[in-house]
Amino acid sequence: MADSNSSYDIVILGGGSGGYACALRAAELGKRVALIEKDKVGGTCLHRGCIPTKALLHAAEVADQAREGEAFGVRSTFEGIDMPGVHAYKDKVVDRLWKGLQSTLASRKIEIVYGDGTLVSPTQVRVGDTVYEGAHIVLATGSEAKSLPGLEIDGERVINSDHALRLDRVPRSAVILGGGVIGVEFASVWRSFGAEVTIVEMLPHLLPLEDEASSKLLERAFRRRGIGYELGTRFEGVKGNGTGLTVSLAGGKTLDTELLLVAVGRGPVSAGLGYEAAGVAVERGYVQVDEYCRTNVPTISAVGDLIPGPQLAHVGFAEGILVAERLAALKVTPIDYDGVPRVTYS
């Protein structure tokens, strides 16, 4: 096993919102930083979350405006959705931001290491045959789409949000399992594109983490748009029916559909990365930290979706910056999570 040519002040495992924000601020404060990323810098938000979904929502808005032009005295018609064209637009938006981020990281002299990283000691991360040594390690490996026990995601007819972002067609119909942020975003997009959509939510309202009054407003808006929903209803199972899928719900009701989108939330990416072997406290997959994002291991901090708290890009940014400033011996103030603003787009 080879060692890297020199050690770093900070080695960051994960190049998403929390990781690259930490890297940029630490470099600005004079620290030598290595940023390890297995895919593309930018993480979920840039490549599989916030940005591409907002691009799809904008395309959906344009489709709705084409249908409604006459109400404004504008002669317009809606002739359908060109999914390759929609993806080209979405990918252009993502690519522009990704290139800008790479340029910014390079300008700060941050060393980006591409590959799967594993924590091998409280001060070392291994990528392939090379070990990167840091006076401090920051864990920022983010989250991934979850499923339910026994529900297999095949990527074809039973899909998650990653697959939905790459879908090469507008489904004739879709059942969305989960009425949270991800579920209502895709319900809105697909309905505007012409699909028949039904959301299945186990809790009494859509967006169950929001105020009930806000949830009811969304439910009324979706009802007017022809988006169906089954609230307070438990999912029982799904099976193929020859032409698509049959989704079974508690109480005996069934829904026939082309696609099932599983949108039951996201879970931390921590398994098999050496965290617990290095002594880091982990509960239900989440790395445990204090109000300053410090783990129980003095040389290790953690930020972003990997730790308990709001799974929001701007929260990851704030945590990454907090850690960088703390390691630079600046005075820092813990994040007031109750005061973090949030928006659900639908």
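Data block above holds the structure.
Residues numbered from 1 in each chain as written. Predicted model: local features only at pLDDT ≥ 70, side-chain atom pairs only at ≥ 80, totals over all residues. Heavy atoms only, no water.

This next bit is on the nonpolar core. Among the nonpolar cores identified, the biggest contains 48 residues, and I12, L119, L139 and Y275 are the most heavily contacted of them. Listing elements by their share of this core, those giving two or more residues are β2 (8-13), α1 (17-28), β3 (33-37), α4 (83-107), β6 (124-127), β7 (130-139), β20 (300-302) and α8 (313-327). (Core = buried A, V, L, I, M, F, W, Y, C linked by side-chain atoms within 4.5 Å. Buried < 20%, exposed > 50% of the residue type's maximum accessible area, 1.4 Å probe, protein only. Helix = DSSP H or I, 4+ residues; strand = E, 2+ residues; numbered from the N terminus.)

Looking along a regular strand, one sees the side chains alternate between the two faces of the sheet. Side-chain alternation along strand β16 (residues 259-262) places L259 and L261 on one buried face and L260 and V262 on a second face that is also buried. Note that strand β9 (residues 158-159) and β16 share two bridges and pair parallel. Paired with I159 across the two strands is L261, which belongs to β16. Inspection of the sheet shows strand β10 (residues 173-177) paired to β16 by four bridges, in the parallel sense. When the bridges of β16 are listed, A174 appears paired with L259. (Pairing = 2+ DSSP bridges.)

Okay, the state of the cysteines next. Throughout the structure, instances matching the rule amount to one disulfide. C293 supplies the cysteine sulfur nearest to C22, a cysteine that is in no disulfide, at a spacing of 9.4 Å. For C22, a relative accessible area of 0% puts it in the buried group. Looking at C293, the relative accessible area reads 1%, which means it is buried. (Disulfide = S-S within 2.5 Å.)

When the terminal C-alpha atoms of helix α6 (residues 181-193) are compared, their 19 Å separation across 13 residues agrees well with the 18 Å that a helix rising 1.5 Å per residue should span. Of all 13 residues in α6, 10 are buried; the element is thus mostly enclosed. Within α6 the residues assigned to the buried category are G183, V184, E185, F186, A187, S188, V189, W190, S192 and F193. Of the residues trailing α6, G194 is marked for its positive phi of about 115°. (Expected span 1.5 Å × (residues − 1).)

Here the focus is the pairing of β2. Burial analysis of β2 places five of its six residues in the buried class, the great majority of the element. Judged from the five bridges that link them, β2 and β7 form a sheet pairing that is parallel. Bridge pairing links I12 to V138 in β7. For β2 and β3, the ladder comprises four bridges, and the chain directions are parallel. For V11, the partnering residue across the bridge sits in β3 and is A34. With respect to chirality, the unit in which β2 leads through α1 into the neighbouring parallel β3 is right-handed. (Right-handed = clockwise from strand over helix to strand, strands pointing away.)

Of the pockets and cavities examined, the second largest pocket occupies roughly 260 Å³. Of all the secondary structure elements, the ones that give two or more residues to the lining of the second largest pocket are α2 (43-48), α4 and α5 (161-166). Looking at the lining of the second largest pocket, the element that brings in the most residues is α4, giving five residues. Its residues placed into classes, the lining of the second largest pocket shows four nonpolar, one polar and eight charged. (1 Å grid on protein atoms, 1.4 Å probe; cavity = no way out; pocket = protein on both sides within 12 Å on 5 of 7 lines; lining within 4 Å. Points joined across faces, edges and corners; volume = space filled by probe spheres on them. Nonpolar A, V, L, I, M, F, W, Y, C, P; charged D, E, K, R; others polar.)

None of this, on its own, says anything about what the molecule does.
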